[in-house]
There are 2 protein chains.
Amino acid sequence: MDETFQQLASLDRLLHEPARLAIMTALMACENADFLFLQRLTGLSSGNLSVQITRLEEAEMLSTSKRFVEKRPNTVISLTESGKTAIRSYWEKLESLKKSAEEFSRDSSE
Amino acid sequence: MDETFQQLASLDRLLHEPARLAIMTALMACENADFLFLQRLTGLSSGNLSVQITRLEEAEMLSTSKRFVEKRPNTVISLTESGKTAIRSYWEKLESLKKSAEEFSRDSSE
């Protein structure tokens, strides 16, 4: 039995959840970002962004560091090595599942 | 400001949720399927599959019809026209958001 749809049904929600997917994909694109820039990019509330960053940090997908910019605290967020691998793999997996679904479609209509 | 990541963060969970994504993508591939075949394809429990089908039917993404096969009840599930459009658009949107993220990445590294 083709496993494409089972794999879709069991996608890991850690990265699949929209807010976290946006954060991880933004960090994949920017290398690192401070909290306010990430908030503007994703459009998330600061509360939600903060919760999701903590969740992703606990899963060792990203790391944060605090610094001061003009005497104000500033948090810089970047992907860890395992985070980089995970978000790239996530997108590759999704692309490959979509292709498999299309092939399944062709096979079943032949 | 680039809207790619805002669009990722606000993806519609109706189709994005893994179990429903698997069901909708399977139906996109097979045109129609009976309950047991869909259960084997997606690997979902019959309870979960049943809940998600109801949810998708309420959202007019799919329709179900009952028939008898060898005197046993059999439910056939297929996408509605709006369901077909929605799942194709979902995959196109995801692909286009991924491309935009990659372009954002190139632009910001120049």
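Above this text is the structure in question.
All of the points below concern the structure found in this document. (Residues numbered from 1 in each chain as written. Chains lettered and ligands numbered in written order. Predicted model: local features only at pLDDT ≥ 70, side-chain atom pairs only at ≥ 80, totals over all residues. Heavy atoms only, no water.)

**Some points on the overall build of chain A**
Counted only if it meets this: In this description a helix means any DSSP run of H or I spanning at least four residues, a strand means any run of E spanning at least two, and both kinds are numbered starting from the N terminus. Radius of gyration here is computed from C-alpha atoms only, and the compact-globule reference equals 2.2 Å multiplied by the residue count raised to the power 0.38. Burial status follows relative accessibility: with a 1.4 Å probe on protein chains alone, a residue under 20% of its type maximum counts as buried, one over 50% as exposed, and anything between as partly exposed. For this analysis, residues touch if any pair of their heavy atoms sits within 4.5 Å. In short, Shrake-Rupley with a 1.4 Å probe defines the accessible areas, and a residue's cover is counted only from the protein chains shown. His is not counted, nor are the chain ends; Lys and Arg add positive charge and Asp and Glu add negative charge. The location of each charge is read from NZ of Lys, CZ of Arg, CG of Asp or CD of Glu.
A tally of regular secondary structure across chain A gives six helices and three strands. When its helices and strands are written in sequence order, chain A yields α-α-α-β-α-α-β-β-α. By the compact-globule yardstick of 13 Å for 110 residues, chain A is too spread out, its C-alpha radius of gyration being 17 Å. Projected onto its principal axes, the C-alpha positions of chain A cover 65 × 25 × 20 Å. Counting all 110 residues of chain A, 43% fall into the buried class. A separation threshold of at least 6 residues defines the contact pool for chain A, and within that pool the share at least 24 residues apart is 57%. By element, 46% of the accessible surface of chain A is carried by carbon and sulfur atoms, the whole surface being about 6,000 Å². Side chains of chain A give 14 positive and 17 negative charges; the mean places of these two sets differ by 10 Å.

**Quick look at the sheet that holds strand β2 (residues 62-69) of chain B**
Residue and element names in this part refer to chain B. In plain terms, the rule: Strands were regarded as paired on the criterion that DSSP finds at least two bridges between them. Whenever a helix is involved, its axis is fitted only over the stretch in contact; in every case the axis is a line through C-alpha atoms, and angles between N-to-C directions fall within 0 to 180 degrees.
With antiparallel pairing, three strands are arranged side by side in an open sheet as β1-β3-β2. Looking along the sheet, the strands with just one partner apiece sit at the ends: β1 (32-34) and β2. Looking at each pair of strands side by side, their axes are set apart by 25 degrees on average, direction ignored. Pairing of β2 with strand β3 (residues 72-79) involves eight bridges; the strand directions are antiparallel. The residue of β3 that forms the bridge with Phe68 is Pro73. Sitting on the sheet, helix α3 (residues 18-30) touches β1, β2 and β3, and the angle it makes with β3 is about 90 degrees. Contacts from helix α5 (residues 46-58) reach β2 and β3 within the one sheet, and its direction differs from that of β2 by about 125 degrees.

**Here we look at the sheet that holds strand β2 (residues 62-69) of chain A**
Pairing between the strands of a sheet is mediated by backbone hydrogen bonds and can be parallel or antiparallel. All names here are of chain A. With antiparallel pairing, three strands are arranged side by side in an open sheet as β1-β3-β2. Each edge of the sheet is formed by a strand with only one pairing partner; in this case those strands are β1 (32-34) and β2. Strand-to-strand twist of the sheet, defined as the mean angle between neighbouring strand axes without regard to direction, takes the value 25 degrees. The strands touched by helix α4 (residues 35-42) within the sheet are β1 and β3 (72-79), with β1 carrying the most contacts at an inclination of about 100 degrees. Across the face of the sheet, helix α5 (residues 46-58) comes into contact with β2 and β3 while running at roughly 125 degrees to β2.

**Description of the interface of chain B and chain A**
For clarity, the cut-off: Buried area is understood as the total, over both parts, of accessible area removed when two parts are fitted together, assessed with a 1.4 Å probe. The salt bridge definition used is simple: a Lys or Arg side-chain nitrogen within 4 Å of an Asp or Glu carboxyl oxygen.
Taken together, the contact between chain B and chain A spans 33 residues of the former and 33 residues of the latter. Taken together, both faces of the contact between chain B and chain A bury some 2,900 Å²; the carbon and sulfur share is 72%. Remark: the boundary between chain B and chain A carries four salt bridges. The residue Lys98(A) makes a salt bridge to Glu95(B) at a minimum N-O spacing of 3.0 Å.

**Side note on the relation of the copies chain B and chain A**
As a reminder, the rule being used: Superposition of the copies was done by least squares, using only C-alpha atoms of residues whose pLDDT is at least 70 in both.
Superposing chain B onto chain A takes a rotation of 180 degrees plus a shift of 0.0 Å along the axis, which leaves an RMSD of 0.0 Å. Those values place the two copies in the arrangement expected of a two-fold rotation axis. Most of the interface of chain B is mirrored in chain A, where 100% of its interface residues again form contacts.

**A short note on the pairing of β3(A)**
As paired elements, β1(A) and β3(A) share three bridges and run antiparallel to each other. Each residue of the ladder has a partner; that of Ala33(A), found in β3(A), is Ile77(A).

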